[in-house]
Amino acid sequence: MSNKILFLVNELESANGICCKAVMDELVMHGMQIHCISNREYHMKKEFLENEIHFYTVKSRLTYRIDSYINHKVLPHFWNRILSAFKFAINKMKLLLTYPIWPLIAPSYTSRIYRKAKKICREEKINYIIPVYTQIDTLIAANLVKRKMLEITYIPYFLDSLSGGYGPKIFSKNWLVKRGLKWERILLNKADKIIAMESSKEHHKEYSVDENYYNKFVFLDIPLLKKPRFNLATKQHDSKIKTIVYVGTLPEGIRSPKYFLKLFAQLTNLNWQLWFIGTDQCGLLNAAAAKDPRIHIVGRCTHQQALEYEAQADILLNIGNTNPSMTPSKIFEYMSWGQKIVSTYPAKDDPSNMYLKKYPNALLLDESDTNYLKTAETLVKFIENSDLVNISQDQLTDTFYKNTPSAFVEAIMKEV
């Protein structure tokens, strides 16, 4: 009889959801029976089977439901703004009311995940429960299940850092670390193994080394380095056009397109096209697109659609972020194509740099360098240079093994 694993992940359509799907697919290939609880997105069924994975959905927090509705419906701009403002107000109110227990801000939602997880664990005789962070609701639910069913192996999976992550601007960094550590002590003591990102390793060496759960940490990485689903040889646009594609979100205060937009403005060639996929809520970007017809914006879309845009790119763009523990998952998907990558970084400890420096087809641009004309010349030379280092999938896997779904499966298999 195959081992049965239950994953708890908040949003299947998020970056963490995409990573979770990658490891679940790999586990299915190894003969595991996989179950997964997630949020019920707009028009999503309560239960469904996809790629041999049994999915169960629960009603999400009100703000998530509003987000899902906005993202899946074509609404007049006025109603979009009204709903977004309403969601913002609810979030602020929740933050004030739940300050003593933050980042737990929706206990009733957490309870729904727990009740569903407990039911599935009993009915399906689950062997392993793997909550994916963020959000904290999955960790709390899985921890409660473990306390009720000691025979289940409990493996928290941190795709983001709890005590080393980010939070609302009103909280200081020191306060966020202390609050995160407090929750980790509650939620990790009963863990059988803890899988976290390599980028958080130094943080945990500094803050968690004296905790009784520290030796349970296994540091892997974002599991999106795998063979692409498309053939790069089948580009559909004019060969004279150079297409630069960015895929992902632009959360305010964490990742800004300001530097690259200023750089792109220096490029006068009309055959250069800049595409932003998956984000249409950045005011700075929207203003730039209104002035420059070469800049195109595609709002939220499926992961499959995002991959299709990546397949048509001549250059893949990464925009660095301000949190050294927050490695963008997209760079490993980018590298899987073997294509040229341009990456900006706002700080020397940008988490993307340590990976892209090992990738031969990458250009790293320091956002503190304000000589835009000279940097633009460097960018043009990089893009127009026809030389592309051929790197095989085997070479990529050897260099970035911790970024493959196989590395996660290997860590799990040691428990099986």
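**A word on the overall build of the protein chain**
- Each helix and strand in the protein chain was counted, giving 15 helices and 15 strands.
- Against the 2.2 N^0.38 benchmark of 22 Å for 416 residues, the protein chain shows a C-alpha radius of gyration of 22 Å, consistent with a compact globule.
- The C-alpha extent of the protein chain, read off along each of the three principal axes, is 65 × 50 × 40 Å.
- Taken over 416 residues, the protein chain has a buried fraction of 52%.
- Taking all contacts inside the protein chain whose residues are at least 6 apart in sequence as the whole, residues at least 24 apart take part in 71%.
- A total accessible area of about 20,000 Å² is found for the protein chain, and carbon and sulfur atoms account for 53% of it.

**Focus on the sheet that holds strand β11 (residues 272–277)**
- If you walk across this open sheet you meet the 6 strands as β12-β11-β10-β13-β14-β15, and the pairing is parallel. Each end of this open sheet is capped by a strand with a single partner; those strands are β12 (295–298) and β15 (362–366). Direction aside, neighbouring strands of the sheet carry axes that sit 20° apart on average.
- Sheet topology note: the strand β13 (residues 315–319)/strand β14 (residues 340–345) ladder contains 5 bridges and is parallel. Bridge pairing in β14 links Ile319 to Thr344.
- Sitting on the sheet, helix α8 (residues 258–265) is in contact with β10 (242–247), β11, β12, β13, β14 and β15, with an inclination near 160° to β11.

**Re the packing of aromatic side chains**
- Inspection of every chain in the model, using the stated rule, returns 16 aromatic pairs.
- A centroid spacing of 6.0 Å and a plane angle of 45° characterise the contact between Trp102 and Trp175, whose relative ring orientation is tilted. Of this pair, Trp102 sits in the loop between α3 (77–97) and α4 (107–124) while Trp175 sits in helix α6 (residues 173–188), placing them 73 residues apart in sequence.
- The exposure class assigned to Trp102 is buried, which follows from its relative accessible area of 13%.
- On the basis of an interplanar angle of 45° and a centroid distance of 4.6 Å, the ring pair of Tyr157 and Phe408 is categorised as tilted. Of the two residues, Tyr157 sits in strand β7 (residues 157–158) while Phe408 sits in helix α15 (residues 405–413), which places them 251 residues apart along the sequence.

**Observations concerning the state of the cysteines**
- Counting across every chain of the model gives 0 disulfides.
- Counting only cysteine sulfurs, Cys20 is the nearest neighbor of Cys19, a cysteine outside any disulfide, at a range of 8.6 Å.

**Observations concerning unusual backbone geometry**
- The linkage connecting Trp102 with the following residue, Pro103, adopts the cis geometry, with an omega of 15°.
- Its location among the elements puts Pro103 in the loop between α3 and α4.
- With an omega of 15°, the peptide bond running from Tyr133 to Thr134 counts as cis.
- Considering the arrangement of structural elements, one finds Thr134 in the loop between β5 (128–133) and α5 (136–148).
- Even without being glycine, Asn51 reaches a positive phi, approximately 50°.
- Mapping Asn51 onto the fold places it in the loop between β3 (47–50) and β4 (53–58).
- Of the residues examined, Asn51 reaches a relative accessible area of 54% and is grouped as exposed.
- One non-glycine residue, Lys125, lies in positive phi territory at about 55°.
- Turning to its location among the elements, Lys125 is positioned in the loop between α4 and β5.

**Here's the deal with helix α10 (residues 303–311)**
- Of the residues making up α10, those classed as buried are Ala306, Leu307, Glu310 and Ala311. Projected down its long axis, α10 shows its buried positions confined to an angular sector of 145°, all on one face.
- Of the surrounding elements, those touching the buried residues of α10 are β10, β11, β13 and α11 (330–336).

**A look at the pattern of salt bridges**
- Counted according to the given criterion, the structure contains 9 salt bridges.
- Of the charged contacts in the structure, one is a salt bridge between Arg185 and Glu211, with a shortest N-O distance of 2.8 Å. Placement of the pair is Arg185 in helix α6 and Glu211 in the loop between α7 (201–207) and β9 (217–220), with a sequence separation of 26 residues.
- Across the pair Arg294 and Asp292 runs a salt bridge, and its minimum N-O distance is 2.9 Å. Each member of the pair, Arg294 together with Asp292, is buried.
- Residues participating in the shared-partner salt-bridge network are Glu198, Lys201 and Lys402.

**Regarding the packing of α4 against α5**
- In contact at an axis separation of 9 Å, α4 and α5 are set at 40° when each is read in the N-to-C sense. With respect to each other, α4 and α5 are oriented oblique. Here α4 runs over α5; the crossing is right-handed. When α4 is examined against α5, the residues Tyr109, Thr110, Ile113, Tyr114, Ala117, Lys118 and Cys121 are found in contact with a partner set consisting of Asp137, Ile140, Ala141, Leu144, Val145 and Lys148.
- Across the contact of α4 with α5, the residue classes break down as 9 nonpolar, 1 polar and 3 charged.

Reading the values: the criteria
Residues numbered from 1 in each chain as written. Predicted model: local features only at pLDDT ≥ 70, side-chain atom pairs only at ≥ 80, totals over all residues. Heavy atoms only, no water. Helix = DSSP H or I, 4+ residues; strand = E, 2+ residues; numbered from the N terminus. Rg over C-alpha atoms; globule rule 2.2 N^0.38 Å. Buried < 20%, exposed > 50% of the residue type's maximum accessible area, 1.4 Å probe, protein only. Contact = heavy atoms within 4.5 Å. Areas by Shrake-Rupley, 256 points an atom, 1.4 Å probe, with all protein chains shown as cover. Pairing = 2+ DSSP bridges. Axes fitted to C-alpha atoms, helices over the stretch in contact; angles between N-to-C directions. Phe/Tyr/Trp six-rings, centres within 6.5 Å; stacked < 30°, edge-to-face > 60°. Disulfide = S-S within 2.5 Å. Arc of directions from axis to C-beta. Salt bridge = Lys/Arg side-chain N within 4 Å of Asp/Glu carboxyl O. Parallel < 35°, antiparallel > 145°, perpendicular 65-115°, else oblique. Left-handed = near helix turned anticlockwise from the far one by under 90°. Nonpolar A, V, L, I, M, F, W, Y, C, P; charged D, E, K, R; others polar.

In short, geometric facts, not functional conclusions.
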